[in-house]
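Chains, contacts and geometry: an overview
Each chain is listed here by its residues.
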Amino acid sequence: MAHMEPVNNKPAVSQFLQQAVLIKQGAEARVYRGRFLGKSAIIKERFQKLYRHPALDEKLTRRRTAQEVRSILRCRKAGIDAPVIYFVDYTTNCIFLEEIIDSVTVREHIASAQASGQSVEALYGLADTIGKILAKMHDEDVVHGDLTTSNILLVKGKEGRDGKLVLIDFGLSYISALPEDKGVDMYVLEKAFLSTHPNTEALFERLLKSYTASSKKAPAVIKKLDEVRLRGRKRSMVG
Amino acid sequence: MTVVIGFEGSANKIGIGIVRDGEVLSNPRRTYITPPGQGFLPSETAKHHRGAILTVLREALDEAGLKPADIDCVAFTKGPGMGAPLVTVALVARTVAQLWGKPLVGVNHCIGHIEMGRLITGANNPTVLYVSGGNTQVIAYSERRYRIFGETIDIAVGNCLDRFARVIKISNDPSPGYNIEQMAKKGKQYVELPYTVKGMDVSFSGILSYIEEAAHKMLSSGQCTAEDLCFSLQETVFSMLVEITERAMAHCGSQEVLIVGGVGCNLRLQEMMGVMCEERGARLFATDERFCIDNGAMIAQAGWEMFRVGQTTELSDSWITQRYRTSPHSAVKNVHWPDQEHLPGDGCVCVNNQEGT
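Reading the values: rules and limits
- Residues numbered from 1 in each chain as written.
- Chains lettered and ligands numbered in written order.
- Predicted model: local features only at pLDDT ≥ 70, side-chain atom pairs only at ≥ 80, totals over all residues.
- Heavy atoms only, no water.
- UniProt positions renumbered as here; feature names shortened; annotations may be inferred.
- Contact = heavy atoms within 4.5 Å.
- Buried area = accessible area lost by both parts, 1.4 Å probe.
- Salt bridge = Lys/Arg side-chain N within 4 Å of Asp/Glu carboxyl O.
- Polar contact = N/O pair within 3.5 Å; in protein donor to acceptor, adjacent residues only side chain to side chain.
- Helix = DSSP H or I, 4+ residues; strand = E, 2+ residues; numbered from the N terminus.
- Nonpolar A, V, L, I, M, F, W, Y, C, P; charged D, E, K, R; others polar.
- Domains from an automatic or database assignment.

Per an unreviewed UniProt entry, the recorded name for chain B is N(6)-L-threonylcarbamoyladenine synthase, and the organism is Pygocentrus nattereri. Its UniProt record, at the heading Sequence similarities (unreviewed entry), says of chain B: "Belongs to the KAE1 / TsaD family."

As annotated in an unreviewed UniProt entry, chain A carries the name non-specific serine/threonine protein kinase and comes from Pygocentrus nattereri. Comment text from UniProt for chain A, heading Sequence similarities (unreviewed entry), reads "Belongs to the protein kinase superfamily. BUD32 family." Here chain A is described in UniProt, under the heading Subcellular location (unreviewed entry), as follows: "Nucleus".

**A few points about the interface of chain A and chain B**
Contact with chain A, which involves 39 residues of that partner, is made by 52 residues of chain B. Counting each side, the surface lost to burial between chain A and chain B is near 3900 Å², with a carbon and sulfur contribution of 51%. One can count nine salt bridges joining chain A with chain B. One salt bridge connects E151 of chain B with K191 of chain A, and the closest N-O pair in it is separated by 3.5 Å. Linking chain A to chain B there are eight residue pairs in polar contact (both at pLDDT 80 or more). For the side of chain A that touches chain B, the secondary-structure elements that each account for two or more residues are α2 (54–77), α5 (179–196) and α7 (218–234) of chain A. For the side of chain A that touches chain B, the leading source of residues is α5 of chain A, giving nine residues. Along the lines of polarity and charge, the residues of the side of chain A that touches chain B split into 15 nonpolar, eight polar and 16 charged.

**Here's the deal with the domain arrangement of chain A**
Residue and element names in this part refer to chain A. Considered domain by domain, chain A is made up of domain 1 (14–98) and domain 2 (103–233). The distance between the C-alpha centroids of domain 1 and domain 2 comes to 23 Å. The partner domain 2 presents 18 residues to the 15 residues of domain 1 that form the contact. Summed over both partners, the interface of domain 1 with domain 2 buries about 1400 Å², with 58% contributed by carbon and sulfur atoms. Contact with domain 2 buries area across many residues of domain 1, yet R74, I80 and D81 alone supply 39% of it, more than any other trio. Measuring nitrogen to oxygen at the nearest pair gives 2.6 Å for the salt bridge that ties D169 to K44. When residues of the side of domain 1 that touches domain 2 are traced back to their parent elements, those giving at least two are β3 (39–46) and α2. Here the side of domain 1 that touches domain 2 gets seven residues from one element, more than from any other, and that element is α2. Within the side of domain 1 that touches domain 2, the residues separate by chemical class into six nonpolar, three polar and six charged.

Below you can see the structure in the form of structure tokens.
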């Protein structure tokens, strides 16, 4: 791995980022586009959150950087598409990743499909594939932690057909074999899915069916998903 | 001119308030405080409310300088909350409504908090963090109704704080949360505690069980003081709340935050949220203890909104419910939040259009 020496007492990565192009600023990280070792790369920089106690902030930021990298690697080893990791700098909590070109988020894809009047059935194939990939990921005991349709990329395939799906944004991920954790993972996706894409209950059902068919461990996970769904309804809301 | 009287008693506070066209005329309240180490139980809480409610009602009218004839509508908390206290208060509301010959309006407690928050602060279209002993939700307005974007998947943050207070026998007077806040100011050492954010949601049962288990050990070994624990607990749980609020804001493209609910009184939480808002160029709105903590005026205000558009509650429908979330089969009238024409009484905090009571 390349070794970056500090320049003028500033980490070399920070200097590098000044040359890169900022493409997105999220709640926790800035995303840049730059070039690294001759390749087009995405750099994800987790910056300090000033509202947090410094000790907590340092711990969380480092942990999320490490978790992200570990989970992506684990997914890739299992044949699940996630960006290639080029380099990680723990002094600045930056991850250098492969840029997934020619892609849209599943969120954008569904939104434009609905806007152009396509029926929900047209998206069933997509739902099937997503269900399959998530089943594979959970079978690897990777819990994504922040499943939303913005965190799944759809790469344009040849001749306008759907290409492959790439999972991104593993900052809240962790390793767990517990059906409870996987159930909550699907619950997070369900909530994000249905609140972002109105009237897509059937689509999500299809996704869950595909998930169930693709993994032997799925029934236990779905059972936990049902429990978590109920928890929200049955919680005593006193005070 | 429309004058509404609101009755609130879903937890350990019994409050009655009178609102006239956005002006709070009176808002007296009593709190049922239990000894340190004890929480409040439904039947005893209801007993406390029964003993105080008529006195508070008298105060509300006297402070406002009004007579029953001046009231246009009687609002009360339909839910959610504890059963017995809710029943006690609903009973009195129904009785006075009939005695005075006024229409009745059943209000959703959570909506009461939000509507009062918006009235007092003037926030236009905020991301709302609703945090109390019984609720922890991030609510935003999207597609013509209130939506829950993030929430606790187990217990409320206030519940976590209250139960921690019991473990180390912090006084419940005036409230456990207030005393934790004061002690936290004297805390010096940050103790590492579990931090759990799952997507847009949070979980507090893990940190609670950890601290319940570890508190006595840490205190008796002298590893840290009770003040340190209060400080560390606040820093951790409040960071979690700020994080999910920020995520919701990023998701909705919102530039305003409104904190409501009893835990919203906490100045440290307000401070942390303020820092986050400043970094994003957003505005923070918060109220003080008069309106953060459960009170009657917030029910009156929400009731006022409903009454204005003709939404009242028949006597036969004035039952209370401990768990009040919208049912897809109930008559859902759309909430037009920024247009100032809305019907907050349908328990309109929706989650993905899938519900049941």
